[in-house]
Amino acid sequence: MMRDQAAFQPSPDAASNRVTQPRFWETLPARWNSDADDTLVCCQVRQETHDVKSFFFRAPSGRAFAFEPGQFITLELEIDGEPVNRCYTISSPPTRPHTISITVKRVPGGKVSNWLHDTLHAGMQVRVLGPSGEFTCARYPARKYLFLSAGSGITPLMSMSRTHHELGEDSDIVFVHSARTPDDIIFARELDLIASNQAHFRTAFVCERMGTRTNWPGVTGFLTLPLLKLIAPDFLEREIFTCGPAPYMQAVRGLLEEGGFDRAHYHEESFSFETLSEIVNEAVAPLTTARVADALQTAGALVDAPGPAPVKTSVETDVRFKVSFTKSNREIECGSEQHVLDAARKAGVRLPSSCTQGMCGTCKVKLVSGEVAMKHAGGIRQREIDQGMVLLCCSKPLSDLIVDK
Ligand SMILES: Cc1cc2nc3c(=O)[nH]c(=O)nc-3n(C[C@H](O)[C@H](O)[C@H](O)COP(=O)(O)OP(=O)(O)OC[C@H]3O[C@@H](n4cnc5c(N)ncnc54)[C@H](O)[C@@H]3O)c2cc1C
Ligand code: FES
């Protein structure tokens, strides 16, 4: 997940919007656990639109799922003999705990989305890691929400909307979804159903163009500040969750900033690897000695080697280690302050990565020798760590390394 760094102005009303009661999913014990039980069975495939399908999964053990609405899982697949990982938001709500679904849009030329559409069918098994992610209304309970999504970015907000609906909470939610054409609106009928059941749930669809329709009653064009003010005049008082392609989110941030929205009440998730990586790379670039020492200390419990992680002094933070990649036969230098993935990228070594925050597992590799300080966020199982696997995006070298990649 990423948060934007734009400076929004505080709004006086937003602070009073938060509520503090615990939600039911916060009290559920975690039942399905990808560490112990990493294979799920696809039990149904549904065509949602012409290029979007939902895939439903259950745990062979019969265990129920516990997660926060808006979180994602990572599929660990093997396609054409190559291991490949991709993250997909759980589009179903935690209130339907016996299955989970993901809703996938075909990306032209995309490896995994096309494989899922063309190959995955009921009865097949897939390896899954997760759930992960912090983009969830569960952590920001409020009286009033504004959900803004575009394209397949609807999935986390759909999980949140379904949850509120099925809990019978009649939460005050304005859901503004942007799509290319009316035929591209995912979950249109279900959103209409939720709106008809809940007095305080409103939807507004903004379509770039009419497509094949001649009688589209909704708005055509793009989301603008005047349009947002028309749809949700009280948007300054709402907790806002946004998900969609990078240009859409950039536009949303711009119009909210222009409208004087308090960024403390703004949350966003990107499905775009590049955007995530750029932001994280910017964020890690100016690491200070204090932050490195802090990171190493915090990582002590997760260090890949026995014994406590040594805290570096300011002189030692300049230590540089050699990292050798066995398969590509490359050798690079990596500073003790740098994540290995970051150093590899800078040296032109191409490695698979996605979230760059230790969440998705895409950058998982076997460490043949050496020691790292790894500070992950759920993207690796304990038994994998025990087997010498590491996530390069959140690992800093403590010695020279040999990596099986
Ligand atoms: C937290 C998170 C949640 C997500 N949730 C969802 C979700 O709910 N639904 C959903 O549909 N997606 C979701 N995504 C996006 C998803 O993970 C994939 O990125 C998406 O399905 C595309 O994967 P792919 O393998 O099909 O495409 P990729 O193979 O990764 O390709 C992506 C793009 O790059 C182009 N490309 C690939 N290889 C090359 C090359 N060699 N040269 C030039 N261009 C190339 C492709 O043509 C395509 O346009 C999520 C992502 C994240 C990070
Ligand atoms: S890129 Fe996601 S865990 Fe490393």
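Refer to the structure printed above.
Calculation criteria
- Residues numbered from 1 in each chain as written.
- Chains lettered and ligands numbered in written order.
- Predicted model: local features only at pLDDT ≥ 70, side-chain atom pairs only at ≥ 80, totals over all residues.
- Helix = DSSP H or I, 4+ residues; strand = E, 2+ residues; numbered from the N terminus.
- Buried ≥ 20, exposed ≤ 12 C-beta atoms within 10 Å, placed from the backbone.
- Contact = placed C-beta atoms within 7 Å.
- Near = placed C-beta within 6 Å.
- Nonpolar A, V, L, I, M, F, W, Y, C, P; charged D, E, K, R; others polar.
- Core = buried A, V, L, I, M, F, W, Y, C linked by C-beta atoms within 7 Å.
- Pairing = 2+ DSSP bridges.
- Axes fitted to C-alpha atoms, helices over the stretch in contact; angles between N-to-C directions.
- Expected span 1.5 Å × (residues − 1).
- Arc of directions from axis to C-beta.

(A) Structural view of the overall build of the chain. Assigned secondary structure in the chain consists of ten helices and 19 strands. Buried positions account for 44% of the 405 residues belonging to the chain. The contacts in the chain between residues at least 6 apart in sequence include a share of 72% that link residues at least 24 apart.

(B) How the structure looks around the site of ligand 1. Neighbouring ligand 1 are 22 residues; Gly-109, Gly-110, Val-112, Ser-113 and Thr-155 lie closest to it. Those elements giving two or more residues to the shell around ligand 1 turn out to be β4 (82-89), β5 (100-105) and α2 (111-119). When grouped by side-chain class, the residues that make up the shell around ligand 1 number ten nonpolar, nine polar and three charged.

(C) Region of the structure containing unusual backbone geometry. Following Gly-130, the chain continues into Pro-131 via a peptide bond in cis, with omega recorded as -5°. Here Pro-131 shows up in strand β6 (residues 125-132). Located in the positive-phi region is Asp-170, a residue other than glycine, with phi close to 45°. Mapped onto the secondary structure, Asp-170 falls in the loop between α3 (154-166) and β8 (172-179). Of note, the phi angle at Phe-187 is positive, near 65°, even though the residue is not glycine. You can call Phe-187 buried: it has 24 C-beta atoms within 10 Å.

(D) How the structure looks around the nonpolar core. Grouped together as the largest cluster of nonpolar side chains are 64 residues, with contacts concentrated most on Ile-73, Leu-146, Phe-147, Leu-157 and Phe-241. When sequence neighbours within four positions are dropped, the list of residues in contact with Leu-157 reads Phe-147, Ser-149, Phe-175, Phe-241 and Cys-243. Counting 24 residues, the second-largest nonpolar core is a separate cluster that includes Val-365, Leu-367, Met-374 and Leu-392.

(E) Region of the structure containing the sheet that holds β4. In space, the six strands of this open sheet follow the order β4-β3-β6-β1-β2-β5, with antiparallel pairing throughout. Looking at which strands have only one partner, the edges of the open sheet turn out to be β4 and β5. This sheet shows a mean twist of 40° between the axes of neighbouring strands, independent of strand direction. Sheet topology note: the strand β3 (residues 72-79)/β6 ladder contains four bridges and is antiparallel. In the sheet register, Thr-74 faces β6, and the bridge partner there is Leu-129.

(F) Structural view of helix α6 (residues 246-258). Spanning 13 residues, α6 covers 18 Å between terminal C-alpha atoms, matching the ideal 18 Å at 1.5 Å per step. Considered for burial, the residues of α6 that qualify are Tyr-248, Met-249, Val-252 and Leu-256. Taken down its axis, α6 places every buried residue within 95° of arc, on the same side. Looking at α6, the residues exposed on the side facing more than 90 degrees away from the buried face are Pro-247, Gly-254 and Glu-258. In this structure, the buried residues of α6 make contact with β7 (144-150), β8, β11 (239-244) and β12 (266-270). Looking one or two places after α6, you find Gly-260, whose phi comes out positive at around 80°.

(G) Broad picture of the pairing of strand β1 (residues 39-49). Both β1 and β6 contribute to a ladder of three bridges, which runs antiparallel. Its bridge partner lying in β6, Val-41 is registered against Gln-125. The pairing of β1 with strand β2 (residues 52-58) spans seven bridges and is antiparallel. Note that in β2 the partner of Thr-49 across the bridge is Val-52. Joining the antiparallel neighbours β1 and β2 is a turn of two residues.

(H) Structural view of the sheet that holds β11. Judged by pairing direction, the sheet is parallel, and its six strands sit side by side in the order β10-β9-β8-β7-β11-β12 without closing on themselves. Strands at the two margins of the open sheet, each flanked by one partner only, are β10 (219-220) and β12. With five bridges connecting them, β11 and β12 associate as parallel partners. The partner of Cys-243 across the bridge, within β12, is Glu-269.

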